[in-house]
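Observations on the model geometry
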Amino acid sequence: MKKFGLIYLLSFLSYSMFLLYLSVFTTLYPVVELGAFVLGILSATSFIYEITYIVYLRRKENISLPRSIARFFLYLLISIGLYVIFFYIYVFFAGLYFGFIGNGARYYGFEAWGILNAFYLWLLFIPPAIYAAIYYIVSNKKLLGKEDS
């Protein structure tokens, strides 16, 4: 993978960070608003770079338009899966607050994961896994029996 492709891959991490930041820090402190603003700008800049890569920079790495678009969706789905993993790790250690202010309870560890599993958050892993399998099979011509001579 060349430098433009590596930057393209890493740019999708900004989406996971932004989603995690918004889901974890829901209070309205000025520092949190500044962090959300900075990560929002980073995500917008990443999206502009991704569109630039799909339109122009992919040519410098000899990648076709359909393959670059397929990689966009693959990396986007993987970043959503990473967000879910990061959120589960955060909830395990920092706890999950469930209920109203003052009357709510905070759950930690596997008990918090049990509450998250009640919301079927883990189902967000299924689309990236299916798409990654399809992408791998289609992009690997040896599996399809269509080898270039």
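So, a few notes on the structure that sits alongside this text. (Residues numbered from 1 in each chain as written. Predicted model: local features only at pLDDT ≥ 70, side-chain atom pairs only at ≥ 80, totals over all residues. Heavy atoms only, no water.)

On to the nonpolar core. If you look at the biggest cluster of nonpolar residues, it comprises 13 residues, and the most contacted ones within it are Tyr-8, Phe-12, Tyr-49, Tyr-53, Phe-72 and Tyr-75. Going through the elements one at a time, α3 (30-55) and α4 (65-94) are the ones with two or more residues in this core. For this core, the element with the highest residue contribution is α4, accounting for four residues. Leave out the neighbours within four places in its chain, and Tyr-8 touches Tyr-49, Glu-50, Tyr-53, Ile-54, Ser-68, Arg-71, Phe-72 and Tyr-75. In terms of nonpolar packing, the next biggest core, distinct from the first, is built from 10 residues, Val-91, Leu-96, Ile-115 and Leu-116 among them. (Core = buried A, V, L, I, M, F, W, Y, C linked by side-chain atoms within 4.5 Å. Buried < 20%, exposed > 50% of the residue type's maximum accessible area, 1.4 Å probe, protein only. Helix = DSSP H or I, 4+ residues; strand = E, 2+ residues; numbered from the N terminus. Contact = heavy atoms within 4.5 Å.)

Enumeration according to the criterion identifies 13 aromatic pairs in this entry. Ring geometry for Tyr-8 and Phe-12: centres 5.3 Å apart, planes at 85°, overall edge-to-face. You can call Phe-12 buried: its relative accessible area is 2%. A centroid spacing of 4.2 Å and a plane angle of 20° characterise the contact between Tyr-8 and Tyr-53, whose relative ring orientation is stacked. Placement of the pair is Tyr-8 in helix α1 (residues 3-11) and Tyr-53 in helix α3, with a sequence separation of 45 residues. Residue class for Tyr-8 comes out buried when judged on its relative accessible area of 1%. The structure contains a cluster of three or more aromatic residues connected by ring pairs, namely Tyr-8, Phe-12, Tyr-15, Tyr-53, Phe-72, Phe-73 and Tyr-75. (Phe/Tyr/Trp six-rings, centres within 6.5 Å; stacked < 30°, edge-to-face > 60°.)

Here we come to helix α5 (residues 109-118). Owing to its 3.6 residues per turn, the α-helix brings residues three or four apart onto one side. Those residues of α5 that fall on the buried side of the exposure criterion are Gly-109, Ala-112, Ile-115 and Leu-116. Each buried residue of α5 lies within a common arc of 120° when the element is viewed along its axis, so the set occupies one face. Opposite the buried face of α5, by more than 90 degrees, sit the exposed residues Phe-110, Glu-111 and Ala-118. Tyr-120, located one to two residues past α5, shows a positive phi value of around 55°. (Arc of directions from axis to C-beta.)

Moving on, we get to the packing of α4 against α5. Between α4 and α5, whose axes approach to 7 Å, the crossing angle comes to 135°. By the angle between their axes, α4 is oblique relative to α5. Seen from above, α4 lies across α5 with right-handed handedness. Within the contact between the two elements, α4 uses Phe-87, Tyr-88, Val-91 and Phe-92 and α5 uses Gly-109, Phe-110, Ala-112, Trp-113, Leu-116 and Asn-117. (Axes fitted to C-alpha atoms, helices over the stretch in contact; angles between N-to-C directions. Parallel < 35°, antiparallel > 145°, perpendicular 65-115°, else oblique. Left-handed = near helix turned anticlockwise from the far one by under 90°.)

Orientation of α4 relative to helix α6 (residues 126-139), taken along the N-to-C sense of each, is 150°, at an axis distance of 9 Å. The pairing of α4 with α6 is recorded here as roughly antiparallel in orientation. Here the hand of the crossing between α4 and α6 comes out left-handed. Residue-level contacts link Arg-67, Ala-70, Arg-71, Phe-73, Leu-74, Leu-77 and Ile-78 of α4 to Pro-127, Pro-128, Tyr-131, Ala-132, Tyr-135 and Ser-139 of α6.

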